[in-house]
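Survey of secondary and tertiary structure
Okay, here's what each chain looks like letter by letter:
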Amino acid sequence: MIDLREIFSGVQTIRQVDAAVDMRDYEVCGVHPIREPVQVHGQITNSAGVVTLDLTVQLLYEAPCDRCAQPVSRSYSFSFSHVLVTATESDEYDYIVVENALLDLDALVRVDVILNLPSKFLCKDDCKGICPGCGKLLNEEACVCKKEIDPRLEKLKDFYH
Ligand SMILES: [Zn+2]
Ligand SMILES: [Zn+2]
């Protein structure tokens, strides 16, 4: 928890944020992809009564590719900006309500990170995956399944010969 009373009251107008957030318990399909602490850097500022949180987070994401199941690790960096308020002063949904001026930074970072992670995690955009027939990794090897020839194509083949 970060005590922001001095920021909200204006006694302090800027406060640096440096933190490491543990997301080892975050799980996707039985895998815990974030094993290293998420590095958080940024600042909270009070500018003419508007309290803004600006953060950059960096993390290492390690999980199997969704298509070929090969292990992949990738670094991500996301930036977030939120306006902080101490009470629901507005219906604006993008305000973060900080009760008693105590900010739960870990919870906020977790939500921001999860919302920004790609819904598909691939080793490369054009990953060819695994052949369901022969189990070959199609990025590395050719499929060795016997190709079923569509009878309509068979006719065309005769036509072209
Ligand atoms: Zn892949
Ligand atoms: Zn195959």
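Anything mentioned here points back to the structure above.
Residues numbered from 1 in each chain as written. Chains lettered and ligands numbered in written order. Predicted model: local features only at pLDDT ≥ 70, side-chain atom pairs only at ≥ 80, totals over all residues. Heavy atoms only, no water.

Moving on: the pairing of strand S3 (residues 38-47). Where strand S2 (residues 14-21) lies against S3, eight bridges are found, and the strand directions are antiparallel. Bridge assignment links Ile14 to a residue of S3, and that residue is Thr45. Pairing geometry for S3 and strand S4 (residues 50-64), over nine bridges, is antiparallel. Across the sheet, Asn46 pairs through a bridge with Val51, a residue of S4. (Pairing = 2+ DSSP bridges. Helix = DSSP H or I, 4+ residues; strand = E, 2+ residues; numbered from the N terminus.)

Our next topic: the coordination of the zinc ion (ligand 2). Coordination sphere of the zinc ion (ligand 2), protein contribution only: Cys131 (SG), Cys134 (SG), Cys143 (SG) and Cys145 (SG), at 2.2 to 2.4 Å. For the zinc ion (ligand 2), the four donor atoms in the first shell make angles of 103 to 117 degrees at the metal, a pattern classed as tetrahedral. As a motif over one chain, the donors of the zinc ion (ligand 2) read C-x2-C-x8-C-x1-C. A relative accessible area of 27% means that Cys143 is categorised as partly exposed. (Donors = N, O, S within 2.8 Å, 3.2 Å for Na, K, Ca; no water. Tetrahedral: all angles 85-135°; square planar, octahedral: opposite > 155°, others 65-115°. Buried < 20%, exposed > 50% of the residue type's maximum accessible area, 1.4 Å probe, protein only.)

The next subject is helix H2 (residues 105-116). Taking 1.5 Å of rise per residue, the twelve residues of H2 would be expected to cover 16 Å, and the 16 Å separating its terminal C-alpha atoms lies within 8% of that figure. Among the residues making up H2, those that are buried are Leu105, Leu108, Val109, Asp112 and Val113. The buried residues of H2 occupy an angular sector of 125 degrees when the element is viewed end-on, so they sit on one face. (Expected span 1.5 Å × (residues − 1). Arc of directions from axis to C-beta.)

With that out of the way, let us pick up the coordination of the zinc ion (ligand 1). Surrounding the zinc ion (ligand 1) are the protein donor atoms Cys65 (SG), Cys68 (SG), Cys123 (SG) and Cys127 (SG), which sit 2.2 to 2.3 Å from the metal. If you look at the zinc ion (ligand 1), its four donor atoms make angles of 106 to 114 degrees with each other, and the shape they trace is tetrahedral.

Below, the discussion takes up the pattern of salt bridges. In this structure the tally under the stated criterion is five salt bridges. In this structure, the salt-bridge partner of Asp3 is Arg5, at a minimum N-O distance of 2.5 Å. For Glu141, the salt bridge is made with Lys136, and the minimal N-O distance between the two is 3.3 Å. When its relative accessible area of 38% is taken as the criterion, Glu141 is described as partly exposed. (Salt bridge = Lys/Arg side-chain N within 4 Å of Asp/Glu carboxyl O.)

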